[in-house]
Amino acid sequence: MISTLHNPTAVGVMQLVECRGDQQQPRRINLDRLPLSIGRATESNLCLPSGAVSSRHAEITAHGDRLVLRDLGSRNGTFVNGHRVEEIEIAAEDIIQFANCVFRVKFRQEVVHGGTLEEGAFP
């Protein structure tokens, strides 16, 4: 049983969903193994092969049961809901942009007691 369902920013029940303008299936990155390194470098946990993304662009870490996004001095910036940030707590439905790569923070679909909780359907 998941004990953090009441908390909309709980570590382990969130994911990044890539916002795509084409018909391809978006990437979904579960935020249960933190820290999550983000960048152009192939050794990044989330590798974004765009020349606009820095090699070591940003990272997501856990601070208690909160998710914190930190820019690592990237050239083209990290944005949350349209605002350039250095470090910020992120939550469900935030839009995160790493240079020209865009993701939305969403609840993961979880199986609990044989049933599925749909995204955003937490009590």
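A. Focus on the sheet that holds strand 2 (residues 28-30). Judged by pairing direction, the sheet is antiparallel, and its 6 strands sit side by side in the order 2-1-11-10-7-8 without closing on themselves. The open sheet has two edge strands with one neighbour each: strand 2 and strand 8 (83-85). Direction aside, the axes of adjacent strands within the sheet are offset by 30° on average. Across 3 bridges, strand 7 (residues 78-80) lies against strand 10 (residues 95-98) in antiparallel orientation. Directly across from Val80, in strand 10, lies its bridge partner Ile96.

B. Focus on the nonpolar core. Within the largest apolar cluster, 24 residues are counted, with the highest numbers of intra-cluster contacts made by Leu16 and Ile60. Put simply, the parts of the chain that give this core at least two residues each are strand 1 (14-18), strand 3 (36-39), strand 5 (58-63), strand 6 (66-71), strand 10 and strand 11 (101-107). Examining the composition of this core, we find that 4 residues originate from one element, strand 11, more than from any other. Ignoring sequence-local partners within four residues, the contact set of Leu16 consists of Arg27, Arg28, Ile29, Leu31, Leu36, Leu46, Ile60, Ile96, Phe103, Arg104 and Val105.

C. Representation of the sheet that holds strand 6 within the structure. A sheet is described by the order of its strands in space; here 5 strands give the open sequence 4-3-5-6-9, paired in mixed fashion. Strands at the two margins of the open sheet, each flanked by one partner only, are strand 4 (46-47) and strand 9 (87-90). One ladder, built from 3 bridges, connects strand 3 with strand 5; its direction is antiparallel. When the bridges of strand 5 are listed, Ser37 appears paired with Glu59.

D. Fine view of the confidence of the model for the chain. Overall, the prediction assigns the chain a mean pLDDT of 83, with 79% of residues at 70 or greater. Every residue in residues 1-9 is under pLDDT 50, and counting partners more than four places away or in other chains gives 24 contacts. Predicted confidence for residues 111-123 stays below pLDDT 50, and this span has 22 contacts to residues more than four positions away or in other chains.

E. Region of interest: the environment of Asn81. By secondary structure assignment, the location of Asn81 is in the loop between strand 7 and strand 8. As a C-alpha pair, Asn81 and Glu93 span 12 residues in sequence and 9.2 Å in three-dimensional space. Setting aside residues no more than four positions away along its own chain, Asn81 makes contact with Glu93, Asp94 and Ile95. A polar atom in the side chain of Asn81 sits 2.9 Å from the side chain of Asp94.

F. Looking closely at the pairing of strand 10. Residues Ile96 and Phe98 of strand 10 are buried on one face, while the alternating residues Ile95 and Gln97, pointing to the opposite face, are not. With 4 bridges joining them, strand 10 and strand 11 adopt antiparallel strand pairing. What sits directly across from Phe98, in strand 11, is Cys101.

G. Representation of the environment of Asn100 within the structure. Relative to the helices and strands, Asn100 resides in the loop between strand 10 and strand 11. On the basis of relative accessibility, which here comes to 49%, the residue Asn100 falls in the partly exposed class. Once the C-alpha coordinates of Asn100 and Leu48 are considered, the two residues, 52 residues apart in sequence, prove to be 9.7 Å apart. Discounting chain neighbours no more than four positions away, the residues touching Asn100 are Ser50, Ala52 and Val53.

Rules behind the numbers
Going along each chain's sequence as written, the residues are numbered from 1 onward. For this predicted model, a pLDDT threshold of at least 70 governs which residues receive local features, and a threshold of 80 or more governs which side-chain atom pairs are given and counted, while totals over whole chains, interfaces and linings are taken from all residues. Side-chain descriptors were evaluated using all non-hydrogen atoms of the structure, hydrogens and water having been removed beforehand. What makes two strands pair is DSSP finding at least two bridges between them. Only DSSP runs of H or I with at least four residues qualify as helices, and only runs of E with at least two residues qualify as strands; both kinds are numbered from the N terminus onward. Lines fitted to C-alpha atoms define the axes, with helix axes restricted to the stretch in contact, and inter-axis angles between N-to-C directions lie between 0 and 180 degrees. What makes a nonpolar core is a set of buried Ala, Val, Leu, Ile, Met, Phe, Trp, Tyr and Cys residues whose side-chain atoms join them at distances within 4.5 Å. Each residue gets one of three labels from its accessible area relative to the maximum for its type: buried under 20%, exposed over 50%, partly exposed in between, using a 1.4 Å probe on protein chains only. We call two residues in contact whenever any of their non-hydrogen atoms come within 4.5 Å of each other. Values of pLDDT, which run from 0 to 100, indicate the predictor's confidence residue by residue. Pairs of N or O atoms within 3.5 Å make up the polar contacts considered here, provided that, within protein, one atom can donate a hydrogen while the other can accept it, and that residues adjacent in sequence are counted only when both atoms are side-chain atoms.

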